[in-house]
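Structure at a glance
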Amino acid sequence: MKVWSRRNTASQYYRRRAALCWDISRFCSPVFAVACVPPRGTHGFPSLDSLRPLLHPRTRPPSHGLTMHGKVVVCLLLVLLDYFAVGSFVSDIGGKINESADTTDEDLAKVMYLLADEYTPQCLWVVVSDSSLHQQPWRHSYLALDPKDGKSTIDYINKNTERVTLFSCFTFLMTRPPDSSLMPLLTDSSNMQLTRYFIIQFPNESEAHDLLLDKRLIDEENVAALVKTNNREVSYRVMIRQLFHSSGFTQVLFINGWEKGKGFDNSEDIFPEQMKNFYGTKMRGVTLDFRPFTDYSKVRGSRVVVPKPSLDVFMLEVIADKLNFTYELVMPEDGLWGYLRDDGHWVGVVGDVEFRRANFSLVLSLTLERIFSVDFTRIYYNDPLSFVTAKSRPSPPWLKLIKPFSSGVWLLALFSIVTAVILYYIIYRAQALLGTHYLVPSRAFMHIFGSFVNQSLFTIPWLSSGRVFLGFWLLYGLLITTYYKTSLTAALAVPFVPPTLDTLHQLMRSNLKFGMIDAKGSEYQLFSTSNVPLYKKMFQEMSFLSSSESMEKVQEGSYAYIYFKSNLNIIVKTEYTNANGETDFHVATEEFFPGGYAWAFPKGVPYRKTFDGVMAYCLQAGLIDKWERDLYSIYLKEAQDNKTPQQRKKEKMEADSKRNDGQVVLNLNHLQGPFLILLLGSGSGVLLLLLEFFVARMLFAFPTSSRGFSPFSQKTLMKSDSQTPSEGRVVSRFDEKGNYVIRAVLKGN
């Protein structure tokens, strides 16, 4: 088919128009010739300047001597002829223009169809053009939209992708660049659910270059530009951009070309996988210290940190090596993991990713609130919340002497002893009325208490009532002391440990205070926004401390630290466990908020999928589990190296104190109760001795009797008999009733 060109049509029109104007200028006024010449630039035809030689009097041909009437008739005929000639030409050129437009639309549709069918056959095609391109036989599922009226439809597609299509992606075929009102809808990253491809026609290379480098398309990986060339044959050039380049800047490349009748120059992919090679681009990651996932050393005066061995750092090294990029890790400016503010935006690590202050984050809990502001990779580790407390420690060894009985039993036993002493004293008073000696109250107490602890008596009552009472008392004392001794033996052999706390309800019923880390993250978001009554009540009593401060308070035994279980386990096992594998901390068995960890990326960035793919390989290869085991050994060795020689020696002594069979060797710590009683009794005896000595000296120094005897001598002096000691001596013996008697004779009158 002959290709109509504007240049050929212009030359034909020029020749026909020039001939008519020549004739008119011969027979009519030059004004008629000027009227039949179009203005400059109309359809690219020649202007009046090119015809001025025909209108000049010297160059204008003669009129052949016609009369005025003849000239008028000839001019009218020529004007009519010019009208029909021009009309025929306009009709002809109009037909050629329509033919040209149809040919152009057909060629453009063919190029777009070939590109879309070759590189995006699995996508739904969205033809954004005027009605002329909608009529082309696309032979593929497509949606035709007018650029002016299709804005609401595109917005609906973005927000309801799953409802409108079963395709895995979209391909936008556009006959002109999107305007300022359509561009935000096409590049709306907040509603980006499926992959998007763009094939856009541009009038020239300059406009194509500017749009390809437009920052609004920074998150669009798949953009191709079609630029029609100025060759005589219909042809197009295909331009793409390379987001990551060795120069460090985005580059625009000519990747292919199409010419009618010849097809494409090559088969190179116009939508290459650009995220497989970052060409050494420096990426920025943001995170906080969170063992075993992230660990680092801070740099004074800078947010940049020096990474240390940790699970996410190991994985980042693998991804950076695979995708050929370098990285730096920084802390968030506010030192928080991130929670949702009232204005709908985030702070902390999540906020840095949301506002693109970082290219990605390391370990971060994937929550429903966060997925509306950032994109996540797959979950690579599941980690619920729990809490750690100090183990319920056994009572101090000296308290084991009173622990076998409850306070009620001890009070009842004391009351029974006092009652028995009174009854025993009354019985002996009754015997004294019958002519026997009676006991003083102190001796009655010694008899009762001695029999209570299974000691023999010097005397027993001779009244039947007294003997019956004493017999039941001895039986009572035998049972009580037997229970006490067996319970004490069990307490010494197997110390009683109160039950530990394993649920939040038990924690709330205890007298422990509780709290979580001050770097407010997903756990803070959970308790602060939850409608669960238990969570709401706990949040009102919650305290917020650093991890080290929280563990110190837990070690004191009056605090519970709520955090993610993996972090609690690694801290307890590496920092608070001795060489025997023993620890004073207990991680609760209850798990709540079963969250998972992933990496976060700014909304819509194209490299998230590539990171996610490498992460999937790490999971499938079992590297996550291997790294976790390796890190446990690394952290354990680091904790042992940080201990002082005194701490190591103490742990070794504790280990040596236990035999291989597990038998506990009693030491002073176990038997401190009996030694404390001995010390208490000895001290009390010494104090009473000093007190008696002081009182005796006071009484002897100041006699009050008229006979020269002190009150003490009057009470203790007894009549002398054949065994009366010599003057100034003291003798003691048991009388015939079994009473212990002291006889003393004082010097004096």
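Structure: above.
Now for a look at the structure at hand.

So, how was this worked out
The written sequence of each chain sets the order in which its residues are numbered from 1. It should be noted that, the model being predicted, local features are given only for residues of pLDDT at least 70 and side-chain atom pairs only at 80 or more, the latter also being counted only at that level, while totals for whole chains, interfaces and linings use all residues. Side-chain numbers come from the whole structure's heavy atoms, not from hydrogens or water. The disulfide definition used here is simple: a pair of cysteine sulfur atoms within 2.5 Å. Secondary structure elements are defined from DSSP: runs of H or I of at least 4 residues count as helices, runs of E of at least 2 residues count as strands, and each element is numbered from the N terminus. Only protein chains enter the accessibility calculation, which uses a 1.4 Å probe; a residue whose area is less than 20% of its type maximum is buried, one above 50% is exposed, and one in between is partly exposed. By the convention used here, residues are in contact when the closest approach between their heavy atoms is within 4.5 Å. Pairing of aromatic rings covers Phe, Tyr and the six-membered ring of Trp, with a centre-to-centre limit of 6.5 Å; geometry is then stacked below 30 degrees between planes, edge-to-face above 60, and tilted otherwise. The rule for a charge over a ring is simple: NZ of Lys or CZ of Arg within 6 Å of the ring centre, and within 35 degrees of the ring normal. By salt bridge we mean one thing: a side-chain nitrogen of Lys or Arg within 4 Å of a carboxyl oxygen of Asp or Glu. A pair of strands is treated as paired once DSSP finds two or more bridges between them. With axes taken as lines fitted to C-alpha atoms, and helix axes fitted only over the stretch in contact, angles between N-to-C directions fall between 0 and 180 degrees. Here, nonpolar core refers to any group of buried Ala, Val, Leu, Ile, Met, Phe, Trp, Tyr and Cys residues whose side-chain atoms link them within 4.5 Å. Patches here: salt-bridge-free residues with over 30% relative accessible area, like charges joined within 9 Å, nonpolar side chains (Val, Leu, Ile, Met, Phe, Trp, Tyr) joined within 5 Å. In these tables, accessible area is a Shrake-Rupley quantity obtained with a 1.4 Å probe, and a residue counts as shielded only by the protein chains included in the view. For classification purposes, an angle smaller than 35 degrees is called roughly parallel, one larger than 145 roughly antiparallel, one from 65 to 115 roughly perpendicular, and anything else oblique. For any pair of crossing helices, the crossing counts as left-handed if the nearer helix is rotated counterclockwise from the farther one by less than a right angle, and right-handed if it is rotated clockwise. When residue character is reported, Ala, Val, Leu, Ile, Met, Phe, Trp, Tyr, Cys and Pro are called nonpolar, Asp, Glu, Lys and Arg charged, and the others, Gly included, polar. An expected span of 1.5 Å times one less than the residue number is assigned to each helix. Two N or O atoms form a polar contact when they lie within 3.5 Å of each other; inside protein one atom must be a possible hydrogen donor and the other a possible acceptor, and for residues adjacent in sequence the pair counts only when both atoms belong to side chains.

Side note on the state of the cysteines
Summed over the entire model, instances satisfying the criterion amount to one disulfide. Across a sulfur-sulfur distance of 1.7 Å, cysteine 123 and cysteine 169 are joined as a disulfide pair. The sign of the -90° torsion about the S-S bond sets the cysteine 123-cysteine 169 disulfide as left-handed. Linking cysteine 123 in the loop between α4 (68-119) and β1 (124-128) with cysteine 169 in strand β3 (residues 169-174), this pair joins segments that are 46 residues apart in sequence. On the accessibility criterion, cysteine 123 (0% relative accessible area) is buried.

Regarding the environment of glutamine 640
Considering the arrangement of structural elements, one finds glutamine 640 in helix α21 (residues 623-642). Through-space distance from the C-alpha of glutamine 640 to that of threonine 577 is 10.0 Å; in sequence the pair is 63 residues apart. When sequence neighbours within four positions are dropped, the list of residues in contact with glutamine 640 reads Thr577, Arg648 and Glu651.

Digging into unusual backbone geometry
For the bond running from arginine 291 to proline 292, omega is 0°, close enough to zero to count as cis. In this structure, proline 292 sits in the loop between β9 (281-286) and β10 (296-298). Of note, the phi angle at arginine 356 is positive, near 60°, even though the residue is not glycine. Turning to its location among the elements, arginine 356 is positioned in the loop between α11 (348-354) and β13 (360-361). For arginine 356, a relative accessible area of 41% gives the class partly exposed.

A word on the packing of aromatic side chains
Two descriptors summarise a pair of aromatic rings, namely the distance from one centre to the other and the angle between the planes of the rings. All chains considered together, the criterion is met by 42 aromatic pairs. Judged by centre distance (5.5 Å) and plane angle (65°), the rings of tyrosine 563 and phenylalanine 564 are edge-to-face. Side by side, tyrosine 563 and phenylalanine 564 carry an identical accessibility label, which is buried. Each residue in the set Phe244, Phe278, Phe325, Phe360, Trp599, Phe601, Tyr607 and Phe611 is aromatic and connected to the rest through ring pairs, giving one cluster. In this structure, arginine 237 is placed above the aromatic ring of phenylalanine 254, and the distance from its NZ or CZ to the ring centre is 3.9 Å. The aromatic ring of tyrosine 635 is capped on one face by arginine 291, whose charged end is 3.9 Å from the ring centroid.

Details of the pattern of salt bridges
Tallied over the full model, the rule gives 19 salt bridges. In this structure, aspartate 343 engages arginine 341 in a salt bridge whose closest nitrogen and oxygen atoms are separated by 3.0 Å. Aspartate 343 gets classed as partly exposed once you look at its relative accessible area, which sits at 48%. On the basis of relative accessible area, arginine 341 is assigned to the partly exposed category, the value being 35%. Here the salt bridges share partners, and the residues they tie into one network are Arg303, Glu333, Asp352 and Arg357.

Considerations on the sheet that holds strand β12 (residues 325-330)
Read across the sheet, five strands follow the order β10-β11-β12-β9-β13 without closing on themselves; strand pairing throughout is mixed. Lying at the two open borders of the sheet, with one neighbouring strand each, are β10 and β13. Two strands pair when backbone bridges link them, and strand β11 (residues 304-307) and β12 are joined in this way by two bridges, in the antiparallel orientation. The residue of β12 that forms the bridge with valine 305 is leucine 329. Against the sheet, helix α10 (residues 311-323) engages β11, β12 and β13, with an angle of about 150° to β12.

Here's the deal with the nonpolar core
Counting residues in hydrophobic clusters, the biggest one holds 86 residues, and the most contacted among them are Phe325, Tyr380, Trp599 and Phe611. Here tyrosine 380 is in contact with Phe293, Leu311, Asp312, Met315, Val363, Tyr597, Ala598, Trp599, Met615, Leu619 and Ile624, once residues within four sequence places are set aside. With 25 residues, the next largest nonpolar core counts Ile157, Phe170, Leu182 and Ala208 among its residues.

A few points about a nonpolar patch on the surface
A grouping of Val468, Phe472, Leu475, Leu478, Leu479 and Tyr483 is seen on the molecular surface, where their side chains present a nonpolar patch of about 620 Å² in accessible area. Looking at the element boundaries, leucine 479 is found in helix α14 (residues 464-493).

Things to note about the packing of helix α12 (residues 407-433) against helix α13 (residues 441-452)
Following both chains from N to C, one finds α12 and α13 inclined at 125°, their axes separated by 9 Å at the closest point. Between α12 and α13, the angle falls in the class oblique. Where α12 crosses over α13, the handedness of that crossing is right-handed. Across from Ile417, Ala420, Val421, Tyr424 and Tyr425 in α12, the residues of α13 making contact are Pro441, Ala444, Phe445, His447, Ile448, Phe449 and Phe452. Taken together, the residues that form the contact of α12 with α13 break down as 11 nonpolar, one polar and no charged.

Considerations on the packing of α10 against α21
Where α10 meets α21, the axes come as close as 9 Å, and the angle between the chain directions of the two elements is 130°. When the axes of α10 and α21 are compared, the pair comes out oblique. In the packing of α10 onto α21, the handedness of the crossing is right-handed. Of the residues in α21, those touching α10 at Leu311, Phe314, Met315 and Val318 are Ile624, Trp627, Glu628 and Leu631.

Observations concerning the environment of leucine 340
In this fold, leucine 340 is placed in the loop between β12 and α11. Leucine 340 sits in the partly exposed class, given a relative accessible area of 31%. Spatially, the C-alpha atoms of leucine 340 and arginine 370 are 8.4 Å apart, while their sequence positions differ by 30 residues. Every residue in contact with leucine 340, bar those within four places of it in the chain, is listed here: His345, Trp346 and Gln525.

Points about helix α20 (residues 608-620)
With 13 residues, α20 extends 18 Å from end C-alpha to end C-alpha; this agrees with the ideal 18 Å at 1.5 Å per step. If you check which residues of α20 are buried, you get Arg608, Thr610, Phe611, Asp612, Val614, Met615, Ala616 and Cys618. Following α20 by one or two positions, glycine 622 adopts a phi angle in the positive range, close to 75°.

Here we look at the side chain of serine 530
Mapped onto the fold, serine 530 is located in the loop between α16 (522-529) and α17 (533-540). The exposure class assigned to serine 530 is buried, which follows from its relative accessible area of 13%. There is a polar contact of 3.1 Å between the side chain of serine 530 and the backbone nitrogen of valine 532. Once residues within four sequence positions are removed from consideration, serine 530 is found in contact with Tyr535 and Lys536.

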